[in-house]
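The chain contents come next:
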Amino acid sequence: VGTLDIERIRSDFPILEREFDDQQVVYLDNAATTQTPDPVIDAMSDYYRQTNSNVHRGIHHLSQEASEAYERAHDRVADFIGASGREEVIFTKNTTESENLVAYSWGLSELGPGDEVVLTEMEHHASLVTWQQIAHETGADVKYIRIDEDGRLDMDHARECITDDTAILSAVHVSNTLGTVNPVTELTELAHEHDALSFIDGAQAVPNRPVDVEAIDADFYAFSGHKMAGPTGIGVLYGKQHLLEEMDPYLYGGGMIRKVTFEDSTWADLPWKFEPGTPPIAEAVGLEAAIDYLEEIGMERIQAHEEELAEYAYERLEAEGDIEIYGPEPGPDRSGLVGFNLESVHAHDLASIMNDHTVAIRAGDHCTQPLHDKLGVAASARASFYVYNTREEVDKLIAAIDDARQLFA
Ligand SMILES: Cc1ncc(COP(=O)(O)O)c(CN[C@@H](CS)C(=O)O)c1O
């Protein structure tokens, strides 16, 4: 797979030169959002300087160029994730909206009493709360696949949970709290054996590893641009074309219609049917540039780099002796993030001390409150890595933790 030219990569991210209290920032909060490289910023700036116009409607040069750029971004995303074409790629605001699109467009009409929605105990609120509330509205039931003491899914329990009453499985590909990489292809097979749909939340997977939605055979797959070196304000819902064709939109307006009369309306072709109003045009240009940037590095290299850093961080944290680490030990079941707690120091206090050292980590419930209840903690700290992080930055994390321990001793 080869190693990354970290210095060259870091030179693409001017924000990494930022200093606070004369200390260079150590940015280890990439699971929350990643930083944006110059090629992405330049692509969006150039769009605004040279092409900016509204799409699908104008018959002037600028609108035609903007429309081509916007449509091409759909094709680029389809190619990146292994979808069959732009018809299967809906641009949303983020992963959360992608989950809601399916919950409202499919769930509200297809779910009813007796139907079951199967989630996992490690779901992010974007999936968990959405499907929980749709189940309340439709009378469907929700079941949760258990996790074991290592933070892996209990697949025996998965086989118990997924039955002929299951209408849809919604599962996270990589846990943003545990770092666990779930067997999403096996889970999808289980769902399909029972004629259930499979929705995979890929927010912490698409940015960090090669993903082929057709190999997984997911019916729906969601992720966000801002977690993969792209801009905020754009997310993706992948959906199998035949399912998207059958689904009615849940957001209405211009751009998503074919014909409107005073009596009724008909809908535009895919993917536009699910993209009402003025879409995130510049963000789509930025997302395409982010994909180009990541693919130039190589998704396999990115995965290997993150896993190497996570393994190093795991080993250093474990060697401290008073740190509880959540999720599987380093290996194919763990991605490039580590959730942990320092004995006798609340995660928020720890993150605050980290900040005194200009080490940026996340502390809190990471939008997985039920999972934290299951872990028996109100909050956890989390270091999450990306293409520009280094072993030296892990060492700075550990040094800051040692300082926190002294302060709270
Ligand atoms: C697994 C998973 N699923 C969905 C989301 C939501 O992504 P949005 O782009 O905000 O819609 C996230 C975003 N998790 C951030 C914010 S809580 C984190 O710090 O972990 C996620 O990790």
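Worth saying up front: this structure is predicted, and the values here are computed from it rather than measured. (Residues numbered from 1 in each chain as written. Predicted model: local features only at pLDDT ≥ 70, side-chain atom pairs only at ≥ 80, totals over all residues. Heavy atoms only, no water.)

Asker: How would you sum up the pairing of strand β5 (residues 116-120)? Please name residues and give values.
Answerer: Extensive coverage of β5 is indicated by the burial of five of its five residues. Every second residue of β5 is oriented toward a common face, with E116, V118 and T120 on one face and V117 and L119 on the other, all of them buried. Here β5 runs beside strand β6 (residues 141-145); their pairing, made up of five bridges, is parallel. Note that in β6 the partner of V118 across the bridge is K143. With helix α5 (residues 125-138) bridging β5 and the parallel β6, this β-α-β connection has right-handed handedness. Pairing geometry for β5 and strand β7 (residues 166-172), over three bridges, is parallel. (Buried < 20%, exposed > 50% of the residue type's maximum accessible area, 1.4 Å probe, protein only. Helix = DSSP H or I, 4+ residues; strand = E, 2+ residues; numbered from the N terminus. Pairing = 2+ DSSP bridges. Right-handed = clockwise from strand over helix to strand, strands pointing away.)

Asker: Give me the lowdown on the sheet that holds strand β14 (residues 337-342), citing residues and values where you can.
Answerer: The strand order across the open sheet formed by four strands is β13-β14-β17-β16, and the pairing between neighbours is antiparallel. Edge strands, defined here as strands with exactly one partner in the open sheet, are β13 (323-326) and β16 (362-364). Averaged over all neighbouring strand pairs, the angle between strand axes comes to 30°, with direction disregarded. Bridge count between β16 and strand β17 (residues 380-384): three bridges; the pairing is antiparallel. Bridge pairing in β17 places G364 opposite S380. (Axes fitted to C-alpha atoms, helices over the stretch in contact; angles between N-to-C directions.)

Asker: I'd like a rundown of the nonpolar core, residues and numbers included.
Answerer: V77, F91, I145, Y221, M228 and V387 are the most contacted members of the largest nonpolar core, which totals 76 residues. The biggest single contributor to this core is helix α10 (residues 281-297), with eleven residues. Sequence-distant contacts of Y221, defined by excluding residues within four places in its chain, comprise H173, F199, I200, G202, A205, V206, V211, V213, I216, V236, L237 and Y238. The next biggest cluster of nonpolar side chains, apart from the first, holds 32 residues, and it includes A310, Y312, A363 and A379. (Core = buried A, V, L, I, M, F, W, Y, C linked by side-chain atoms within 4.5 Å. Contact = heavy atoms within 4.5 Å.)

Asker: Give a detailed account of a negative patch on the surface, specifying residues and quantitative values.
Answerer: Negative charge collects at one region of the surface, where D5, E7, E17, E19, D21, D22, D356 and E392 lie side by side. Counting through the fold element by element, D21 comes out in the loop between β1 (19-20) and β2 (23-24). (Patch = residues over 30% accessible without salt bridge, like charges linked within 9 Å, V, L, I, M, F, W, Y side chains within 5 Å. Areas by Shrake-Rupley, 256 points an atom, 1.4 Å probe, with all protein chains shown as cover. Salt bridge = Lys/Arg side-chain N within 4 Å of Asp/Glu carboxyl O. Lys, Arg positive; Asp, Glu negative; His and termini not counted. Charge placed at Lys NZ, Arg CZ, Asp CG, Glu CD.)

Asker: Help me get a handle on the packing of aromatic side chains, residues and values and all.
Answerer: One pass over the structure, following the stated rule, counts ten aromatic pairs. Relative to W131, the ring of W106 has its centre 6.3 Å away and its plane inclined at 65°; by these criteria the two rings are edge-to-face. Of this pair, W106 sits in helix α4 (residues 95-110) while W131 sits in helix α5, and the two are 25 residues apart along the sequence. Across the pair, exposure class does not vary: W106 and W131 are buried alike. Look at Y386 and Y388: their rings are 5.9 Å apart centre to centre, the planes differ by 80°, and that puts the pair in the edge-to-face class. As far as the burial class goes, Y386 and Y388 line up, both buried. Among the aromatic residues, ring-to-ring pairing joins F13, Y293, Y386 and Y388 into one connected group. (Phe/Tyr/Trp six-rings, centres within 6.5 Å; stacked < 30°, edge-to-face > 60°.)

Asker: Account for the site of the ligand, naming residues and giving values.
Answerer: In the vicinity of the ligand, 19 residues are found, and the nearest of them are T96, D201, S224, H226 and R362. Here an oxygen atom of the ligand and a side-chain polar atom of T96 are 2.6 Å apart. Per-class residue counts for the shell around the ligand are six nonpolar, nine polar and four charged. (Near = heavy atom within 4 Å. Polar contact = N/O pair within 3.5 Å; in protein donor to acceptor, adjacent residues only side chain to side chain. Nonpolar A, V, L, I, M, F, W, Y, C, P; charged D, E, K, R; others polar.)

Asker: So what about helix α14 (residues 391-408)? Which residues, and what values?
Answerer: Every α-helix winds through 3.6 residues per turn, so residues three or four apart in the chain are directed the same way. For α14, which comprises 18 residues, the first-to-last C-alpha distance of 26 Å matches the rise-based estimate of 26 Å (1.5 Å per residue) to within 8%. Among all positions in α14, only E393, V394, L397, I398, A400, I401 and A404 are buried. Buried residues of α14, viewed axially, fall in a sector of 160°; they line one side. Away from the buried face of α14 by more than 90 degrees, exposed residues E392 and Q406 are located. (Expected span 1.5 Å × (residues − 1). Arc of directions from axis to C-beta.)

Asker: Explain the sheet that holds strand β4 (residues 89-92) to me, and be specific about the residues and the numbers.
Answerer: Strands sit in the order β4-β10-β9-β8-β7-β5-β6 across an open sheet of seven strands; the sheet is mixed. The open sheet is flanked by β4 and β6, the only strands paired with a single partner. The sheet shows a mean angle of 20° between the axes of neighbouring strands, direction not considered. Lying over the sheet, helix α3 (residues 61-81) contacts β4, β9 (220-224) and β10 (235-239), oriented at roughly 115° with respect to β4.

Asker: So what's going on with the pairing of β17? Which residues, and what values?
Answerer: The buried fraction of β17 is high, at five of five residues. Neither face of β17 is open: one carries S380, R382 and S384, the other A381 and A383, and all of them are buried.

Asker: Talk me through the pattern of salt bridges; I want residue IDs and the actual numbers.
Answerer: Under the defined criterion, the tally for this structure stands at 28 salt bridges. Two residues, D46 and R49, come together in a salt bridge whose shortest N-O distance is 3.5 Å. Of this pair, D46 and R49 both sit in helix α2 (residues 38-50), three residues apart, which is roughly one turn of the helix. Put simply, D322 and R405 hold a salt bridge, and the shortest N to O gap is 2.5 Å. Taken together, the residues span a long stretch of sequence, with D322 in the loop between α11 (299-320) and β13 and R405 in helix α14 at a distance of 83 residues. By relative accessible area, which is 14% here, D322 ends up buried. The network of salt bridges with shared partners includes R76, D79, D292 and E295.

Asker: Requested: an account of the side chain of E283, with residues and values cited.
Answerer: Relative to the assigned elements, E283 resides in helix α10. Look past the residues within four positions of E283 in its chain and what remains in contact with it is M44, P231, T232, G233 and I234.

Asker: I'd like a rundown of the packing of α3 against α10, residues and numbers included.
Answerer: In contact at an axis separation of 9 Å, α3 and α10 are set at 40° when each is read in the N-to-C sense. With respect to α10, the element α3 is oriented oblique. Seen from above, α3 lies across α10 with left-handed handedness. Contacts from A66, A69, Y70, R72, A73, R76, V77 and F80 in α3 reach I281, A284, V285, L287, E288, I291, D292 and E295 in α10. Per-class residue counts for the contact of α3 with α10 are eleven nonpolar, no polar and five charged. (Parallel < 35°, antiparallel > 145°, perpendicular 65-115°, else oblique. Left-handed = near helix turned anticlockwise from the far one by under 90°.)

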